[in-house]
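Given next are the chains, with one letter for each unit.
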Amino acid sequence: SHDSTVRVALLTDQMKLAIFAALVASAAALTDTQTCVKDIAYAATDIAQASVTIASAVSDCSNYDQTCIDEITSITDQMNDAAGHLNDAVTDCGGSENEECADDILATIDDITEATNAITQAVLDCQSDGFKCTKDILTATKELSQAGLDILHATSSCS
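Counting restarts for each chain, with residues numbered from 1 along the sequence as it is written. In keeping with the model being predicted, local features are shown solely for residues with a pLDDT of at least 70 and side-chain atom pairs are shown and tallied solely at 80 or more, while totals for entire chains, interfaces and linings include all residues. Excluding hydrogens and water, the side-chain values take into account all heavy atoms of the structure.

## Focus on the overall build of the chain
Convention followed: Secondary structure follows DSSP: runs of H or I at least 4 residues long count as helices, runs of E at least 2 residues long count as strands, and numbering of each begins at the N terminus. Categorising residues by exposure relies on relative accessible area from a 1.4 Å probe, with only protein chains included: less than 20% of the type maximum marks a residue as buried, more than 50% marks it as exposed, and the intermediate range marks it as partly exposed. Any pair of residues with heavy atoms lying within 4.5 Å of one another is described as a contacting pair. Exposure was quantified through the Shrake-Rupley algorithm and a 1.4 Å probe, taking into account, for residues, occlusion by the shown protein chains and nothing else.
Counting its regular elements, the chain contains five helices and zero strands. Put simply, the chain runs from its N terminus to its C terminus through helices and strands in the order α-α-α-α-α. In the chain, which comprises 159 residues, the proportion classed as buried is 45%. Considering only contacts in the chain between residues 6 or more positions apart, those separated by 24 or more positions represent 76%. Carbon and sulfur atoms make up 53% of the accessible area of the chain, which totals about 7700 Å².

## Here's the deal with the pattern of salt bridges
Let me state the cut-off plainly: A pairing counts as a salt bridge when a side-chain nitrogen of Lys or Arg comes within 4 Å of a carboxyl oxygen of Asp or Glu.
If you walk through the whole model with that rule in mind, you get one salt bridge. Note that Glu143 and Lys142 form a salt bridge whose closest N and O atoms lie 3.3 Å from each other.

## Points about the side chain of Asp136
Test applied: Charged residues are defined narrowly, with Lys and Arg counted positive, Asp and Glu counted negative, and His plus the chain ends left uncounted.
Within the element layout of this structure, Asp136 appears in helix H5 (residues 130-157). No salt bridge forms around the buried Asp136; measuring N to O, its nearest opposite-charge neighbour Lys135 is 5.2 Å away.

## Details of helix H3 (residues 66-92)
Stated formally: An expected span of 1.5 Å times one less than the residue number is assigned to each helix.
For H3, spanning 27 residues, the distance from its first C-alpha to its last is 39 Å, which sits close to the expected 39 Å at 1.5 Å a residue. Cys68, Glu71, Ile72, Ile75, Thr76, Gln78, Met79, Ala82, Ala83, Leu86 and Ala89 are the residues of H3 that are buried. Elements in contact with the buried residues of H3: helix H2 (35-60), helix H4 (99-125) and H5.

## Some thoughts on the environment of Lys38
Mapped onto the elements, Lys38 comes out in helix H2. When the C-alpha atoms of Lys38 and Ala89 are compared, they prove to be 8.3 Å apart, with 51 residues separating the residues in sequence.

## A short note on the environment of Ile112
Examined against the element boundaries, Ile112 turns out to sit in helix H4. Residues Ile112 and Glu143, 31 residues apart in the sequence, show an inter-C-alpha distance of 6.7 Å. Excluding its chain neighbours within four sequence positions, the residues that come into contact with Ile112 are Ile47, Met79, Ala82, Ala83, Leu86 and Ala147.

## Remarks on the packing of H4 against H5
What describes two packed helices is the angle between their axes and the distance between those same axes. Worth spelling out the cut-off: Convention adopted: a line fitted to C-alpha atoms gives each axis, helices being fitted over their contacting stretch, and angles between N-to-C directions are expressed from 0 to 180 degrees. Roughly parallel means an angle under 35 degrees; roughly antiparallel, over 145; roughly perpendicular, 65 to 115; everything else is oblique. A clockwise turn of the near helix away from the far one marks a right-handed crossing, whereas an anticlockwise turn of less than a right angle marks a left-handed crossing. Classification used: nonpolar for Ala, Val, Leu, Ile, Met, Phe, Trp, Tyr, Cys and Pro, charged for Asp, Glu, Lys and Arg, polar for all others including Gly.
Where H4 contacts H5, the axes come no closer than 8 Å and their chain directions differ by 165 degrees. The angle between H4 and H5 falls in the class roughly antiparallel. Regarding H4 and H5, the two cross each other, and that crossing is left-handed. The class makeup of the residues in the contact of H4 with H5 is 14 nonpolar, seven polar and nine charged.

## Focus: the packing of H2 against H3
As a packed pair, H2 and H3 sit with axes 8 Å apart at the nearest point and diverge in direction by 165 degrees. Relative to H3, the element H2 is oriented roughly antiparallel. Read as a crossing pair, H2 and H3 show a hand that is left-handed.

Written as structure tokens, this is what we have:
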């Protein structure tokens, strides 16, 4: 019980960071009319939504039930949407013409891929092992936090 409280507190701090980073990036990006920056802002919004859903999944997935399954599905959909917006951004931001921008976008995509892998593992682990399930969800949170930071950097380098 104490370990769960510590994990949830850690998750809450990471979630706040991810949400803050994504929202700041969204707010900054929405002031620019370039399609490139809008793509990044949409990805940031998707990541923020996934982060909120992950926070809910930590408690809901302690018992593998339909609510847990629905949340994991929602998280995966939100991360896929973010990856799609970032793929659009690669083209809209000039591809390899702006190397720093491309690197930031690719780093964000890598983070989202790792988070998606962790959520996929959670689907398996949540059926039989609550501890591994929570660990997988925390890993996804860490990766989304990093994605939020990468998006902040991309908002600057791509505009």
